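Analysis of the macromolecular model
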Amino acid sequence: MSCEMTEVRAPEVNAHVKERAGTINPMLDCQPAGAQFAGIGIQDCIPLVHGGQGCCMFVRLLFAQHFKENFDIASTSLHEDSAVFGGTKRIEEGVMVLAKRYPQLRVIPVITTCSTEVIGDDIEGTINLCNQALKREFPERDIYLVPVHTPSFKGSHVSGYDEAVKALVKTLAKKGEPTGKLNLFPGWVNPGDVILLKSYLSQMGVDGTIFMDTEDFDSPMLPDKSINTHGRTTVEDLQNSANACGSIAMARYEGASAAKHLENAFSVPQILTASPYGIRNTDRLLQSISDLTGQPIPDSLVKERGIALDAMADLAHMFFANKKVAIYGHADLVFGLAQFCMELEMEPALLLIGDDNTRYKKDPRIKELKETAAFDMEIVLNADLWDLEKRIKDKTVELDLIMGHSKGRYIAIDANIPMVRVGFPTFDRAGLYRKPLIGYRGAMELAETIANTLFAHMEYTKNREWILNTW
Amino acid sequence: MPMILLDCDKDIPERQRHIYLKAPGESTKDFLPIANVATIPGTLSERGCAFCGAKLVIGGVVKDAIQMIHGPVGCAYDTWHTKRYPSDNGHVPLKYVWSTDMKESHIVFGGEKRLEQSINEAFDAMPHMKRMFLYTTCPTALIGDDVKAVSKKVMQERPDVDIFTVECPGFSGVSQSKGHHVLNIGWVDQKVGSVEPEIKSPYTINFIGDYNIQGDTQLLQTYWDRLGIQVIAHFTGNANYDELRSMHRAKLSVVNCARSAGYIANELKKRYGIPRLDIDTWGFNYMAEGIRKVCAFFGIEERGEALIAEEYAKWKPKLDWYKERLKGKKMAIWTGGPRLWHWTKSVEDDMGIEVVAMSSKFGHEEDFEKVVARGREGTYYIDDANELEFFEILENIKPDIIFTGPRVGELVKKLHIPYINGHAYHNGPYMGFQGFVNMARDIYNATHSPLLGLAATDIRRTAKAKLALKEVA
């Protein structure tokens, strides 16, 4: 009896950079946008964007689209004369106008843009002049000016965020009495994630500080008409970041450099954990918190983990198995969600990461995905949304699900592929900023959202499968 | 009443010249806000940049053109998914934006090669698109890339494509207004006269300064069709690139938004002798008046009257239903500029609403001449208002409804004041007869929302009151 062996090709995980030079439908905004996002996370802070007015006005609109809230960000309103003679006078004027009109103001990150970096304005020198002027005008106030260099022609809003968090910590952190607190750098997440993270800390009995604390980016309408939409991270929090018992960076490219700085400058031990999307990554986070603080993981979290697993097990091999998924956006989110998808037996076949950071190639999560993926996976770095659209149009990838932010919505709509909105910005679905993606609960709720999205799609677009989601 | 110095402006007293409170008997000869001057840094103004005035407002609306933005990725990202102008070719302007994604090496060594490559890639990626708007941005203007030379080279190599260059970096001018101007003049200089239209009617117009917000253009087009008037070009709502090249063949330029597009109407008059007729298209009285003027120009008055009668019969009773319920409501308008003078009297005449405060981001003094002439006494007229001024004015006037952008809308929600999207509408279109009923409906729904009353209720007080009642019993 002869036995014919078919050679089975080993699955390939292929990571490469986008082939085109230009961009069609960018996945990410430019650096100053990210710096502004870090700035609004601080209490009594108004970032001052040194550039044309659009660099701040549109970013404010973007935040309003995503969070359905208004955030205060100022501009130096750069014009032609500054392009010729330099724009530092406009920083000086902007700082003084802000200080005079906003008596509560304590921090002004001065955020550069492409134009002011090309002109070559001396930001540090100007800040020195401003500090002297502030001391003269307001001897009783401490207003901290923080230089943030974010030329738009480098990186993306992801690196701009990282740069700003680092600059804020660098400028403000100072050695003092140990606080026993834990620094947490969650990266570019939503208020819902911050609230969940706080709940985990409290369940573990850990006193932590979150950089940046964006819980109030989801703020109420109150009978007294007060407006509480602002960051909760204080000047003192930033100063005391140097005196913490440790730091946990939850996003390699979004805030981790600040944790690294605190370790180098103030010997604050730090752990870089995988972004806590999915069960295993959340396990790693909680164990890291436990390692740094000595606090045990409580029964309540074991139970929450179990409930999540119980819910996910209902869905995984009946509905999710072998479903092909494309994920795009921030690297930390995309890699984390790819790992999460694999826990659910889905196949993240196409990952698109939207900027030219050369460190992505060496990301250990790519190695991990290579070792575990039992299917072909393409990872496109420096990708744009055309990379996704083109592959769908050319049928080089057949997708069951797209996960990404709202800027890619038309691809899913036109191709009639179910889409779950994740990341930033998500302006075409209600309330997503409130829903956590991290942690056990985030994993469970995201899995259920995916399931319900697929079910609705089945019911409205398919002939036979609609009956399957009764189980 | 002189110009007003608000409390929040005591440290920037120059703002007094920008804020006017109209008193009885005053005319624009006496007082007029200073406008179109540079914003004070750090004031939290609402203004955008000149690039956005060119790309987001006008050029980006053109439905069959690649929008190539030569600069870092943010300028493209930020002027995409922020407006509501549909198009009848699958909403291309909403779906796509193109960027050369400039990096540091291009800043150092020049970005022309990068631009050429990106243009070719864009045409290759979507071979059915043969037209392009090409914009410079702050850094590419600063390093002096010769975008005209690059576009010329590509057009020589690809004879079937046409490229329009807009050199309008974000730092030029004081607001988006500069970008409107640069694009208007550039289009007349570079493109008008290069395509001959097919003339199908003795009555031909350009319809200028309408961007098809939620279908405005498409609604008004049904009127022109019924009147037998051929629109040679819409500048730029739902427009084709090539129809805009043939604007020189219209007999009349009908202008709605004089601020963003009056320039091109003036140039068409100067260069091609096409008369300019300004009309208002928001409001029943205004729309009817506009149709009468256009029809009078062509001597087809009876067609106009028939259309107006038909539309009035259909929509006026609906409008009046709302008018009865909106009478005396106080409204603030916090938008770009022209909508102040388009709306202040039309909402008063057609809906009985009183406009009590208006701020313009990028209007010029001639816009304020119009709005102060049309507006009420006791109303604030503000140029380039900033956030603290906004709070103070709101406290003074206590409006029932605010027409503004979504971000400011989120802010005033916390103050229990409803907003309507004054740029992109809530549920438009708002132009024309049907459109104005839509606008009245949206105002009615917003001002009658039960949620606002609930937001003002303090349940703690209610509980206390209940307790007190119980004790009395």
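Residues numbered from 1 in each chain as written. Chains lettered and ligands numbered in written order. Predicted model: local features only at pLDDT ≥ 70, side-chain atom pairs only at ≥ 80, totals over all residues. Heavy atoms only, no water.

Comments concerning the layout of surface pockets
For the record, the criterion: A cavity here means a set of points on a 1 Å grid, drawn over the protein atoms and nothing else, where a 1.4 Å probe fits but cannot get out; a pocket is an open set with protein on both sides within 12 Å along at least five of seven lines, and a residue lines either one if it has an atom within 4 Å of a point. Grid points are joined across faces, edges and corners, and a volume is the space filled by probe spheres set on the points. Secondary structure counts use DSSP, requiring at least four H or I residues in a row for a helix and at least two E residues in a row for a strand, with both numbered from the N terminus. Residue classes follow a fixed rule: Ala, Val, Leu, Ile, Met, Phe, Trp, Tyr, Cys and Pro count as nonpolar, while Asp, Glu, Lys and Arg count as charged, and any other residue, Gly among them, counts as polar.
Roughly 630 Å³ of internal volume is contained in the second largest pocket. For the second largest pocket, the lining is made up of 21 residues, of which A:Ile46, A:Asp72, A:Tyr102, A:Ile227 and A:His230 are closest to its centre. Tallying contributions element by element places helix 16 (residues 387-397) of chain B first for the lining of the second largest pocket, with 3 residues. Here the lining of the second largest pocket is composed, by residue class, of 12 nonpolar, 5 polar and 4 charged.

A short note on the pairing of strand 6 (residues 204-210) of chain B
Residue and element names in this part refer to chain B. For the record, the criterion: Each residue gets one of three labels from its accessible area relative to the maximum for its type: buried under 20%, exposed over 50%, partly exposed in between, using a 1.4 Å probe on protein chains only. Pairing between strands is defined by DSSP: at least two bridges between the two strands are required. Crossover handedness is defined by viewing with both strands directed away from the observer: a clockwise path from the first strand over the helix to the second marks the crossover as right-handed.
In terms of burial, strand 6 is largely enclosed, as 7 of its 7 residues are buried. As paired strands, strand 6 and strand 7 (residues 230-236) are joined by 6 bridges and run parallel to one another. Along strand 7, the bridge assignment pairs Asp210 with Thr236. Assessed by its sense of winding, the connection that carries the chain from strand 6 through helix 9 (residues 216-227) to strand 7 is right-handed. Looking at chain direction, strand 6 and strand 8 (residues 252-255) are connected through 4 bridges and run parallel.

Re the sheet that holds strand 4 (residues 74-75) of chain A
Residues and elements named next belong to chain A. To keep it simple, the criterion reads: By definition, residues are in contact when any of their heavy atoms lie within 4.5 Å. Only the contacting stretch of a helix is used when fitting its axis, a line to C-alpha atoms as for every element, and angles between N-to-C directions run 0 to 180 degrees.
Spatially, 4-3-5-6 is the arrangement adopted by the 4 strands of the open sheet, whose pairing is parallel. Each edge of the open sheet carries a strand with a single partner, namely strand 4 and strand 6 (144-148). Inspection of the sheet shows strand 3 (residues 48-50) paired to strand 5 (residues 107-112) by 3 bridges, in the parallel sense. Bridge assignment links Val49 to a residue of strand 5, and that residue is Ile111. Running at roughly 140° to strand 6, helix 7 (residues 157-172) makes contact with strand 5 and strand 6 of the sheet.

Quick notes on the domain arrangement of chain B
Residues and elements named next belong to chain B. Put simply, the test is: Segmentation into domains, and thus their bounds, comes from an automatic or database assignment. Throughout, the accessible surface (probe 1.4 Å) given up by two parts as they are put together, summed over both, is called the buried area. In the sections that follow, a salt bridge refers to a side-chain nitrogen of Lys or Arg positioned within 4 Å of a carboxyl oxygen of Asp or Glu.
Each assigned domain of chain B is listed with its residue range as follows: domain 1 (50-173) and domain 2 (204-308). A separation of 28 Å is found between the C-alpha centroids of domain 1 and domain 2. Taken together, the contact pairs 18 residues of domain 1 with 17 residues of domain 2. For the domain 1 and domain 2 pair, buried surface summed over both sides reaches about 1,400 Å², with 52% attributable to carbon and sulfur atoms. Counting across the interface, domain 1 meets domain 2 through 2 salt bridges. For Arg245, the salt bridge identified is with Asp162, shortest N-O distance 3.5 Å. Classifying every residue of the side of domain 1 that touches domain 2 by side-chain character gives 11 nonpolar, 1 polar and 6 charged.

Quick word on the packing of aromatic side chains
Condition: Aromatic pairing here means that ring centres of Phe, Tyr or Trp (its six-membered ring) are within 6.5 Å. Orientation follows from the plane angle: under 30 degrees is stacked, over 60 is edge-to-face, and everything else is tilted. The criterion for a charge sitting over a ring is simple: Lys NZ or Arg CZ within 6 Å of the ring centre, and within 35 degrees of the ring normal.
On inspection of all chains with the given rule, the structure shows 44 aromatic pairs over all chains. Measuring from centroid to centroid gives 6.1 Å for A:Phe37 and A:Phe424, while their planes differ by 35°, and the two rings are tilted. Taken together, the positions of A:Phe37 in helix 1 (residues 31-39) and A:Phe424 in the loop between strand 15 (419-421) and helix 17 (439-461) put the pair 387 residues apart, joining distant regions of the chain. Both rings, one in B:Phe284 and one in B:Phe433, keep their centres 5.2 Å apart while their planes meet at 80°; by these two values the pair is edge-to-face. With B:Phe284 in helix 12 (residues 284-298) and B:Phe433 in helix 18 (residues 432-447), this residue pair connects regions lying 149 residues apart in the sequence. Exposure class is identical for B:Phe284 and B:Phe433. Each is buried. These aromatic residues form a ring-pair network of at least three members: A:Phe37, A:Phe63, A:Phe67, A:Phe71, A:Tyr161, A:Trp188, A:Phe217 and A:Phe424. One Lys or Arg, A:Arg141, reaches over the ring of A:Phe138 and ends 4.8 Å from the middle of that ring. In this structure, A:Arg409 packs its charged tip against the face of A:Tyr410, placed 5.3 Å from the ring centre.

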